[in-house]
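Structural features, examined
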Amino acid sequence: TQLFLGISCRFIAKPCAINLGIQDSGPHRAQPNAILEKVFTSITKSPDGKRLEGLSKQLDWDVRKIQRWFRHRRNQDKPTTLTKFCESMWRFTFYLSIFFYGIRFLWTAPWFWDTRQCWYNYPFQPLTSRLYYYYILELAFYWSLMFSQFTDIKRKDFLIMFVHHLATIGLITFSYMNNMVRVGTLVLCLHDASDFLLEAAKLANYAKYQRLCDAFFMLFGVVFIVTRLGIYPFWILNTTLFESWELIGPYPSWWLFNGLLVTLQVLHVIWSYLIIRTASKALVRGKVSKDDRSDVESSSEEEDVTSNSTKGIFSTSSNGSNRLNGHVAGGQWTGE
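Here the structure is a predicted model, which means the values were calculated and not measured.

The rules behind these values
Residues numbered from 1 in each chain as written. Predicted model: local features only at pLDDT ≥ 70, side-chain atom pairs only at ≥ 80, totals over all residues. Heavy atoms only, no water. Helix = DSSP H or I, 4+ residues; strand = E, 2+ residues; numbered from the N terminus. Buried < 20%, exposed > 50% of the residue type's maximum accessible area, 1.4 Å probe, protein only. Contact = heavy atoms within 4.5 Å. Expected span 1.5 Å × (residues − 1). Core = buried A, V, L, I, M, F, W, Y, C linked by side-chain atoms within 4.5 Å. Polar contact = N/O pair within 3.5 Å; in protein donor to acceptor, adjacent residues only side chain to side chain. Salt bridge = Lys/Arg side-chain N within 4 Å of Asp/Glu carboxyl O. Axes fitted to C-alpha atoms, helices over the stretch in contact; angles between N-to-C directions. Parallel < 35°, antiparallel > 145°, perpendicular 65-115°, else oblique. Nonpolar A, V, L, I, M, F, W, Y, C, P; charged D, E, K, R; others polar. Patch = residues over 30% accessible without salt bridge, like charges linked within 9 Å, V, L, I, M, F, W, Y side chains within 5 Å. Areas by Shrake-Rupley, 256 points an atom, 1.4 Å probe, with all protein chains shown as cover. Left-handed = near helix turned anticlockwise from the far one by under 90°.

Further remarks concern the overall build of the chain. A tally of regular secondary structure across the chain gives 12 helices and 2 strands. Among the 336 residues that make up the chain, the fraction classed as buried is 53%. Contacts in the chain between residues far apart in sequence, at least 24 positions, make up 75% of those at least 6 positions apart.

Right, here's the structure in full:
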């Protein structure tokens, strides 16, 4: 997946971004200052009030000016819009490709139309090459998300996404080892159905196509809620909790397997709440404007200085153009 990321960024995403006018420029850079830089790198990136007062006396700077310097310095390490566009582009490509691969594969699978087929002759069910590659690709992708989460921007939903990645990797690995791949393919395909729409919204927002961004986001929200709060519990959980119990009985791993699936459902509810709240604000304001998950700090003072600071998944900068952060998973809801 990392090789695919590098190739797609260099030969596909970056040329597209340049053609769309996305520049490789980051947030406003902090004014060079050796004392503050030493504090930032060696002591703290977010000084408390007492330290701010001490620095103010030492430098003869206003406290708010020092706070602004630290905000700029923290933002300075954040990736550029071009970098985030490239990341969203490769995620969009993967999600879209794997979703259509899954749909094409499952369309002819009997368990796609009758979930009881997931448990007939279990565990003696053949593992075809197409099913094997489907599983391996998904597992590799989520492992890459797990590792990259520690090197990417740390966001407010870090813990939620970490739990999600753990549960997803656990489910994929566990279902493969126990030959529960039939129901596993249903779970994977269902989760991929909405993720590419969120990435499409991010791409549109980076390119400053606000109406297209809002349309994709609203479509994403509808698909997410329908699949995660409707189809998932009444189709997936129904077959794993009840049909499997009826057809093969309470097998030893039944509790663990369903515990992981229920954990995912809890996360679905949390993300759906965040999506609905963001969509509600969008309806009131006329556009998708801000989410609680912030990856670049900003203030009213900073907005007068720089127009490329971002606040959350969708935010409006001082020149009226919208920005988007590097994930989400999810954001907050992506990442799956």
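Still more ground to cover, so stick around.
We now examine helix 7 (residues 129-148). Here helix 7 contains 20 residues, and its C-alpha end-to-end distance of 28 Å stays within 8% of the 28 Å for a straight helix at 1.5 Å per residue. Residues of helix 7 that are buried: Leu131, Tyr134, Tyr135, Glu138, Leu139, Phe141, Tyr142, Ser144, Leu145, Met146 and Ser148.

Moving on, we get to the nonpolar core. When a protein is soluble and globular, its nonpolar side chains tend to lie buried together. Formed by 57 residues in total, the largest nonpolar core has its most connected members in Leu106, Trp111, Tyr232 and Phe257. Elements that contribute at least two residues to this core include exactly helix 5 (81-107), helix 6 (110-113), helix 7, helix 8 (158-177), helix 9 (181-206), helix 10 (210-248) and helix 11 (254-285). The leading source of residues in this core is helix 9, at 12 residues. If we ignore the near neighbours within four places in the chain, the residues touching Trp111 are Phe105, Leu106, Gln117, Cys118, Leu131, Arg182, Thr185 and Leu186. The next biggest cluster of nonpolar side chains, apart from the first, holds 10 residues, and it includes Leu36, Val39, Ile66 and Trp69.

We now examine the side chain of Ser175. With respect to the helices, strands and loops of the structure, Ser175 is situated in helix 8. In this structure the side chain of Ser175 is engaged in a polar contact, spanning 2.8 Å, whose partner is the side chain of Tyr135. Not counting residues up to four positions away in its chain, the partners in contact with Ser175 are Tyr135, Met180, Val181 and Phe257.

The tally for this structure, following the rule as stated, stands at 4 salt bridges. In this structure, the salt-bridge partner of Arg228 is Asp195, at a minimum N-O distance of 3.5 Å. Taken together, the residues span a long stretch of sequence, with Arg228 in helix 10 and Asp195 in helix 9 at a distance of 33 residues. The same class applies to Arg228 as to Asp195, namely buried.

This part takes up the packing of helix 3 (residues 49-59) against helix 4 (residues 63-76). What describes two packed helices is the angle between their axes and the distance between those same axes. Here helix 3 crosses helix 4 at 110°, and the two axes come no closer than 9 Å. What the angle tells us is that helix 3 and helix 4 run roughly perpendicular. Across from Leu52, Leu55 and Ser56 in helix 3, the residues of helix 4 making contact are Val63, Ile66, Gln67 and Phe70. Of the residues contributing to the contact of helix 3 with helix 4, the split by class is 5 nonpolar, 2 polar and no charged.

On the surface, a cluster of nonpolar side chains totalling about 590 Å² of accessible area is made up of Leu127, Tyr132, Tyr133, Ile136, Tyr176 and Met177. Those elements that provide at least two residues to the nonpolar patch are helix 7 and helix 8. Ranked by residues supplied to the nonpolar patch, first place goes to helix 7 with 3 residues.

As a further point, take unusual backbone geometry. In this chain, Tyr122 is followed by Pro123 through a cis amide linkage whose omega measures 5°. Phi is positive for Asp60, close to 60°, though the residue is something other than glycine. Turning to its location among the elements, Asp60 is positioned in the loop between helix 3 and helix 4. Asp60 gets classed as exposed once you look at its relative accessible area, which sits at 70%. Its identity as a non-glycine residue notwithstanding, Asn179 has a phi of 60°, on the positive side. Residue position: Asn179 is located in the loop between helix 8 and helix 9. For Asn179, a relative accessible area of 15% translates into the label buried.

With that settled, the discussion passes to the packing of helix 8 against helix 11. At a closest axis distance of 10 Å, the pairing of helix 8 and helix 11 adopts a crossing angle of 145°. Seen along the crossing, helix 8 lies across helix 11 with a hand that is left-handed. Across from Ile160, Met161, Val163, His164, Ala167, Thr168, Gly170, Leu171, Phe174 and Ser175 in helix 8, the residues of helix 11 making contact are Leu256, Phe257, Leu260, Leu261, Thr263, Leu264, Leu267, Ile270 and Trp271. Here the residues of the contact of helix 8 with helix 11 are counted per class, giving 14 nonpolar, 5 polar and no charged.

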